[in-house]
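Chain by chain, the residues:
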Amino acid sequence: MHETKLNITAHTGPTSLAASALSDVKAHARIDSTYEDDLLEEYIAAAIEMIESFCRLTIQETVWELHLSSFPTAYRYLELPRGPVSSVEFLKYYDLDGVHIEWSSADYYLALGEIPARIYLHGDDNWEETQERPDAVAIRYTSGYNTWNDVPNRVKQPIYFLSSHYHRHREAVADKSVSELPFTLRASLMSIRQDFYTG
């Protein structure tokens, strides 16, 4: 499933983690003053957004709504990008008559531990045919981390590095190419991207 071809939007969120990350970022950067706390929170938010975009993952908890033009009849599963996914609210579709139907959760199972997370059909069930429209299938689900303490250390590390760099240099870490990033940050981001990127 290619991320660039997906119709995915944030239904609610993201829930900002910048304020709760502040003390850890300051400790990493050895910043004692509170004078620029508000500015540093902006740098943390920018760092998180950059990492989310580059690695195609969700750090700050967000409820996504994914729209597809049809079910993937060649596969018995649907992939959910922008993980890690914690829950699925609904799977709906428009049938050939244009009736909006919710697929019972009893008729599919979730593999949230997979990367990307997947919705699998049960048994011998098949995907239904859908009306021809760009939003024929809709999946609403929650991704990301609810608190800063839930964020894995390997994801926190590039946030520390990038936030500190923004604070010290007051300019972008790189212009356009990931090859321009410092090696430590680049290696960290590429490792995370390899796990989460679905495009």
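Refer to the structure printed above.
Residues numbered from 1 in each chain as written. Predicted model: local features only at pLDDT ≥ 70, side-chain atom pairs only at ≥ 80, totals over all residues. Heavy atoms only, no water.

Draft legend 1. Representation of the nonpolar core within the structure. Core analysis: the largest hydrophobic core is formed by 28 residues, its most contacted members being Ile 44, Ile 51, Ile 59 and Ile 159. Per-element accounting of this core gives the leading share, eight residues, to helix H2 (residues 37–55). Those residues in contact with Ile 51 that lie beyond four places of it in its chain are Arg 56, Leu 57, Ile 59, Pro 158, Ile 159, Leu 162 and Leu 189. Counting 21 residues, the second largest nonpolar core, distinct from the first, contains Ile 8, Tyr 93, Tyr 108 and Val 137. (Core = buried A, V, L, I, M, F, W, Y, C linked by side-chain atoms within 4.5 Å. Buried < 20%, exposed > 50% of the residue type's maximum accessible area, 1.4 Å probe, protein only. Helix = DSSP H or I, 4+ residues; strand = E, 2+ residues; numbered from the N terminus. Contact = heavy atoms within 4.5 Å.)

Draft legend 2. Main features of the packing of aromatic side chains. All chains considered together, the criterion is met by 10 aromatic pairs. A ring pair is formed by Tyr 93 and Trp 103, whose centres lie 5.6 Å apart and whose planes are at 55°; its orientation type is tilted. Here Tyr 93 is found in strand S4 (residues 85–94), whereas its partner Trp 103 is found in the loop between strand S5 (100–102) and strand S6 (108–111), with 10 residues between them in sequence. The class for Tyr 93 is buried, based on a relative accessible area of 8%. With a centroid separation of 5.2 Å and 10° between ring planes, the pair formed by Tyr 109 and Tyr 120 is classed as stacked. (Phe/Tyr/Trp six-rings, centres within 6.5 Å; stacked < 30°, edge-to-face > 60°.)

Draft legend 3. How the structure looks around a negative patch on the surface. Judged by side-chain charge, Asp 107, Asp 124, Asp 125, Glu 128 and Glu 129 come together as a negatively charged surface patch. For Asp 107, the location among the structural elements is in the loop between S5 and S6. (Patch = residues over 30% accessible without salt bridge, like charges linked within 9 Å, V, L, I, M, F, W, Y side chains within 5 Å. Areas by Shrake-Rupley, 256 points an atom, 1.4 Å probe, with all protein chains shown as cover. Salt bridge = Lys/Arg side-chain N within 4 Å of Asp/Glu carboxyl O. Lys, Arg positive; Asp, Glu negative; His and termini not counted. Charge placed at Lys NZ, Arg CZ, Asp CG, Glu CD.)

Draft legend 4. Region of interest: the sheet that holds strand S3 (residues 77–80). Pairing is antiparallel across the open sheet formed by three strands, whose spatial order is S3-S7-S6. The sheet terminates laterally at S3 and S6, the two strands that pair on one side only. Averaged over all pairs of adjacent strands, the angle between their axes in this sheet comes to 20°, without regard to strand direction. Relative to strand S7 (residues 117–121), S3 is paired through four bridges, and the arrangement is antiparallel. Across the sheet, residue Leu 80 finds its bridge partner in S7, namely Ala 117. (Pairing = 2+ DSSP bridges. Axes fitted to C-alpha atoms, helices over the stretch in contact; angles between N-to-C directions.)

Draft legend 5. Fine view of H2. Spanning 19 residues, H2 covers 27 Å between terminal C-alpha atoms, matching the ideal 27 Å at 1.5 Å per step. Residues of H2 that are buried include every one of Asp 37, Leu 40, Tyr 43, Ile 44, Ala 47, Ile 48, Ile 51, Glu 52, Phe 54 and Cys 55, and no others. Directly after H2, the chain includes Arg 56, whose backbone phi takes a positive value near 60°. (Expected span 1.5 Å × (residues − 1).)

Draft legend 6. Region of the structure containing the pattern of salt bridges. For the structure on display, the rule yields six salt bridges. Connected through salt bridges with shared partners, the residues Glu 65, Glu 89 and Arg 140 form a single ionic network.

Draft legend 7. How the structure looks around the pairing of strand S2 (residues 62–68). Counted residue by residue, S2 has seven buried out of seven residues, so it is predominantly covered. The alternating pattern of S2 places Thr 62, Trp 64, Leu 66 and Leu 68 and Val 63, Glu 65 and His 67 on opposite faces, both of which are buried. Here seven bridges tie S2 to strand S8 (residues 137–143), and the two strands are oriented antiparallel to one another. From the neighbouring strand, Leu 66 faces S8, where its bridge partner is Ile 139.

Draft legend 8. How the structure looks around the sheet that holds S5. Strand order across the open sheet formed by five strands is S1-S2-S8-S4-S5, with antiparallel pairing between neighbours. Whereas interior strands pair on both sides, the edge strands pair on one side only; in this sheet they are strand S1 (7–12) and S5. Mean inter-strand twist for the sheet, computed between neighbouring axes without regard to direction, equals 25°.

Draft legend 9. Quick peek at helix H1 (residues 18–29). Taken as a whole, H1 has its buried residues at Ala 18, Ala 21, Leu 22, Val 25, Lys 26 and Ala 29. For H1, the angular spread of the buried residues around the axis is 145°, confining them to a single face. The outward face of H1, more than 90 degrees from its buried face, is lined by the exposed residues Ser 23 and Ala 27. In the core, the buried residues of H1 are packed alongside H2 and helix H3 (153–169). Two residues or fewer past H1, Arg 30 is found with a positive phi of approximately 60°. (Arc of directions from axis to C-beta.)

Draft legend 10. Examining the environment of Asp 38 more closely. Within the element layout of this structure, Asp 38 appears in helix H2. Looking at Asp 38, the relative accessible area reads 61%, which means it is exposed. In sequence terms Asp 38 and Ala 19 are 19 residues apart; their C-alpha atoms lie 8.8 Å from each other.

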